[in-house]
Every structure is written in C-alpha cells, then in structure tokens.
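Residue-level structure breakdown
Residue strings, one per chain:
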Amino acid sequence: MSDRYVQPLRTLLQICFVLFSLWVGFQFARYIGAVEAGAPPTVARPGGIEAFLPISGLFGTAAWLKGGGINPVHPAAVVIFVTIVVLALALRRAFCSWICPVGAISEWLWKLGFHRFRRNPALPRLLDVALRGIKYLLMAYFLFAAVTWSLDSLQGFLFSGYHAISDQKLLSLFLRPSGTTLAVLGVLLTLSVILRNPFCRYLCPYGALLGLAAWLSPTAVQRDRERCVSCGVCSQVCPARIDVMHARRVADPECLGCWRCISHCRVQSALSMRLFGRRVISGLLFALLVVGIFWGGSVIGKLNGRWQTMITPDDYRQLLGR
Ligand code: SF4
Ligand code: SF4
C-alpha cells in the first residue's frame, strides 16, 4: 500500500491533539477563574495542563532519579516528560510532528506561507547552524542544572510556591499578555509563515533534547539505493531540510519522524521507516504506536496515583494572595 495516507492521518491526529490541548487549557482557565474569584471550582483541575511545564518535568524527573520520588506538586509533568522521552527513544521526534500543538501550528503556518508565496526560503547555512545552536545551549543549560543540582536544591525548587503556581503563571501569560509577549508572539508567528518551523528549529530546548534521545532510537527512515531514482523530492519536502536523497539512513537529530519524505516518494518502497534497519514499520502501526505510547504513559501515571496535584484551591488562593 502506498504511504500517502500517512499525511492526512497525521494531520487528523494533529487536529485532535490541538483541540484536546485547547479543551485542557479552557478547563484549567475555568478552574483558575473560580479560584481567583474565591468561588468553589465547578470543574476539576485537568492534570494534563502540566504537559505545558517541561522544566518542571525535567527537574521533577531528575529529583525522582536521585531518589526523591515523584513530587506531588506537579506529578503529571514528570509522567508526561518521561513518556515523551520514551516516545523519542522509540519513534524519534514523532512527538514534535504528530502530537505537539506548537509543532502542528508551526507546520500549518509554513504550509500557508508556501501556499501563498510558493516557497519557504532557507537561511544561509552558517546562519542556520549558528541559530540551531541556541536550542542546544538552552537544553545544555537546563540539563546541566538538572544533573548538577543536589536533591535538596531540586526539592527546594519543586516544593516552592513559585513552582506550585507555575501553571497559573503560564495561563495568565496567554490570558493577560503584556506588550512584550504580544510582540514576541507576533514576530514568531510571522517568521513561522516564512520559514519552516523556526521556533522548533532554533529555539525549543525540548525538541533539542528529543533529538538527542532520537539518536539512540532503533527506528529511522531508510533509503533503498537500488530503487531510488534520485529525483530529490524527499529532500525538497523535508521540513527539517535533511538531504534524504543522499542518506542511507536518516539518523539526523532534526528528523521529526513526520513521514513526509516517505509519503511523497514516487517510487514504491524506495523509502521506508524501519526498525533496526530491517523490519518495515507501516504508517498505521507507527501512528498507533505514537498514540499508544503517549496515552499509555498518562494511563500508567493515573493508575499509580501520579497525576493529580496536591495543591488545593485554597493553596492556590493563598499563593496567589487572594
Ligand atoms: S527525513 Fe523524512 S521523516 Fe525525517 S523530518 Fe525529513 S521528511 Fe520528516
Ligand atoms: S523521493 Fe524517493 S526516488 Fe526520489 S530521491 Fe527520494 S528516495 Fe529517491
């Protein structure tokens, strides 16, 4: 079967995850709105909101690995962080191209730009490499802190009032944006129409970390040199600008696992997603694994009581000074 169906399937999943993220954000806004108004919340706080606290997830995971257990302040942040790293170890950066709402919106914006201007210009190579260094520097900074901080220091952060209401702070950043926030968002959105995924490619330390994890992944796009007719379509459609046409196996940490190269290849089986370079993984199986691993992680977290925060509405009120 041709792999063209993978792109509409991926878009469908992206839409589902964007809508789900909006629903989670809306529920959390209702919860916090009631807390701030001094009324009893009429909706439960959605634990999934902690997917938007990656630094909490990283530091919480570091504290857990150092023997401090999973912090009860934002436990879902740890569960989601670990799940996404496992997903990258298994299926490269599939989180970025199948699940992440920021990745989905970035992709829709550069496609809109391509539709409008018939191209997405690439930055000069040296500038592109230098800018990509930003996300690795940010990642190194956070990783260095997570690894070198003592357990006491990590716990000091995780049990601080600042960390407890970091979810509310993030929400108010979007609900009550400052002029600077709006200006930064405006620049990023505009650049996202012109370039391919500038935020993910240059600024996102989470993506950088997942790229490193993906290096260890046994799954990768593989090119069959006998079948390939060197048409170059795969390299043209790759959002990460990887020269797929000249690769034997795409092990680049920038590979998003999006399947665009495979879906657009004109020669049956010239490109395929393979496990350990041998076993072919179908698009449908890949999609099922992406969703299964992602949801499976949250189910395991919930079943083990590592999902809901210990912070009560009264705690929130007190920390917010209401
Ligand atoms: S190499 Fe293929 S799967 Fe990887 S990012 Fe490029 S188009 Fe997507
Ligand atoms: S799109 Fe397929 S046939 Fe064309 S260069 Fe890439 S792998 Fe080869």
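Before reading further, recall that the structure is shown in the block above.
Described in the following lines is the structure provided in the data block. (Residues numbered from 1 in each chain as written. Chains lettered and ligands numbered in written order. Predicted model: local features only at pLDDT ≥ 70, side-chain atom pairs only at ≥ 80, totals over all residues. Heavy atoms only, no water.)

1. Overview of the site of ligand 1
Around ligand 1, the surrounding shell consists of Val221, Cys238, Pro239, Val244, Val250, Cys255, Leu256, Gly257, Cys258, Trp259, Arg260 and Cys261. Looking at side-chain class alone, the shell around ligand 1 contains 10 nonpolar, 1 polar and 1 charged residues. (Near = heavy atom within 4 Å. Nonpolar A, V, L, I, M, F, W, Y, C, P; charged D, E, K, R; others polar.)

2. Some remarks on the nonpolar core
In terms of nonpolar packing, the biggest core is built from 55 residues, with Phe95, Trp98, Ile99, Val244 and Phe286 touching the most fellow members. Residue contributions to this core peak at 8 residues, all from helix α3 (residues 75–91). Membership of the second largest hydrophobic core comes to 14 residues, among which are Val24, Phe28, Val35 and Tyr316. (Core = buried A, V, L, I, M, F, W, Y, C linked by side-chain atoms within 4.5 Å. Buried < 20%, exposed > 50% of the residue type's maximum accessible area, 1.4 Å probe, protein only. Helix = DSSP H or I, 4+ residues; strand = E, 2+ residues; numbered from the N terminus.)

3. Examining the site of ligand 2
What surrounds ligand 2 is the set Arg223, Cys228, Val229, Ser230, Cys231, Gly232, Val233, Cys234, Met245, Cys265, Val267 and Leu271. Among the cavities detected, the one that contains ligand 2 is the largest cavity. When the residues that make up the shell around ligand 2 are grouped by side-chain class, the tally is 9 nonpolar, 2 polar and 1 charged. (1 Å grid on protein atoms, 1.4 Å probe; cavity = no way out; pocket = protein on both sides within 12 Å on 5 of 7 lines; lining within 4 Å. Sits in = over half its atoms within 2 Å of the grid points.)

4. Digging into helix α7 (residues 151–158)
Within α7, burial applies to Leu154, Gln155 and Leu158. Buried residues of α7 fall within an arc of 95° about the axis and therefore sit on the same side. Residues of α7 that are buried sit in contact with α2 (54–68), α6 (125–148) and α8 (161–164). (Arc of directions from axis to C-beta. Contact = heavy atoms within 4.5 Å.)

5. Comments concerning the layout of surface pockets
Considered as a void within the structure, the second largest pocket measures approximately 300 Å³ in volume. If you go around the second largest pocket, you meet 17 residues; those closest to its centre are Leu58, Thr61, Leu65, Phe81 and Leu143. Counting only elements with at least two residues in the lining of the second largest pocket, the list comes to α2, α3, α6 and α12 (205–215). Here the residues of the lining of the second largest pocket sort into 15 nonpolar, 1 polar and 1 charged. (Points joined across faces, edges and corners; volume = space filled by probe spheres on them.)

6. Considerations on the pairing of strand β1 (residues 219–223)
In regular strands, side chains alternate between the two faces of the sheet. Burial analysis of β1 places 5 of its 5 residues in the buried class, the great majority of the element. The two faces of β1 match: Thr219, Val221 and Arg223 on one face and Ala220 and Gln222 on the other face are all buried. Strand direction decides the pairing type here: β1 and strand β2 (residues 249–250), joined by 2 bridges, are antiparallel. By the bridge assignment for β2, Gln222 is matched with Arg249. (Pairing = 2+ DSSP bridges.)

7. Let's talk about the sheet that holds strand β3 (residues 271–275)
Pairing is antiparallel across the open sheet formed by 4 strands, whose spatial order is β2-β1-β3-β4. This sheet does not close on itself; its edge strands, each paired only once, are β2 and β4 (279–280).

8. Notes on the state of the cysteines
Here the structure, examined in full by the defined rule, presents 0 disulfides. Between Cys100, a free cysteine, and Cys200, which holds the nearest cysteine sulfur, the sulfur-to-sulfur gap is 6.3 Å. Residue classification places Cys100 among the buried residues on the basis of a relative accessible area of 17%. (Disulfide = S-S within 2.5 Å.)

9. Considering a nonpolar patch on the surface
Together, Ile15, Leu19, Leu22, Ile105 and Trp108 make up an exposed nonpolar region whose accessible area comes to about 460 Å². Those elements that provide at least two residues to the nonpolar patch are α1 (6–37) and α5 (101–117). A per-element tally of the nonpolar patch places α1 first, with 3 residues. For Leu22, a relative accessible area of 56% translates into the label exposed. (Patch = residues over 30% accessible without salt bridge, like charges linked within 9 Å, V, L, I, M, F, W, Y side chains within 5 Å. Areas by Shrake-Rupley, 256 points an atom, 1.4 Å probe, with all protein chains shown as cover. Salt bridge = Lys/Arg side-chain N within 4 Å of Asp/Glu carboxyl O.)

10. Overview of α6
Between the first and last C-alpha of α6 there are 34 Å, a value that for 24 residues agrees with the 34 Å anticipated at 1.5 Å per step. Residues of α6 that are buried include every one of Asp128, Arg132, Lys135, Met139, Ala145 and Ala146, and no others. (Expected span 1.5 Å × (residues − 1).)

11. A look at empty space enclosed by the protein
For the coordinates displayed, the defined rule picks out 5 cavities of 30 Å³ or more. Of the pockets and cavities examined, the largest cavity occupies roughly 100 Å³. Along the wall of the largest cavity there are 13 residues; nearest its centre are Cys228, Cys231, Cys234, Cys265 and Ala270.

12. Digging into the packing of α1 against α5
Where α1 meets α5, the closest approach of the two axes is 9 Å, and the angle between their N-to-C directions is 125°. Between α1 and α5, the interaxial angle falls into the category oblique. The handedness of the crossing between α1 and α5 is left-handed. Contact with α1, carried on its side by Arg10, Thr11, Gln14, Ile15, Val18 and Ser21, involves Pro101, Ala104, Glu107, Trp108 and Lys111 of α5 and no other residues of that element. (Axes fitted to C-alpha atoms, helices over the stretch in contact; angles between N-to-C directions. Parallel < 35°, antiparallel > 145°, perpendicular 65-115°, else oblique. Left-handed = near helix turned anticlockwise from the far one by under 90°.)

13. Some remarks on the packing of α2 against α6
At a minimum axis separation of 9 Å, α2 and α6 run at an interaxial angle of 30°. As judged from the angle between their axes, α2 and α6 are roughly parallel. Handedness of the crossing formed by α2 with α6: right-handed. Mapping the contact onto sequence places Ile55, Leu58, Phe59, Ala62 and Lys66 in α2 and Phe142, Leu143, Ala145, Ala146, Val147 and Thr148 in α6. Of the residues in the contact of α2 with α6, the class split is 9 nonpolar, 1 polar and 1 charged.

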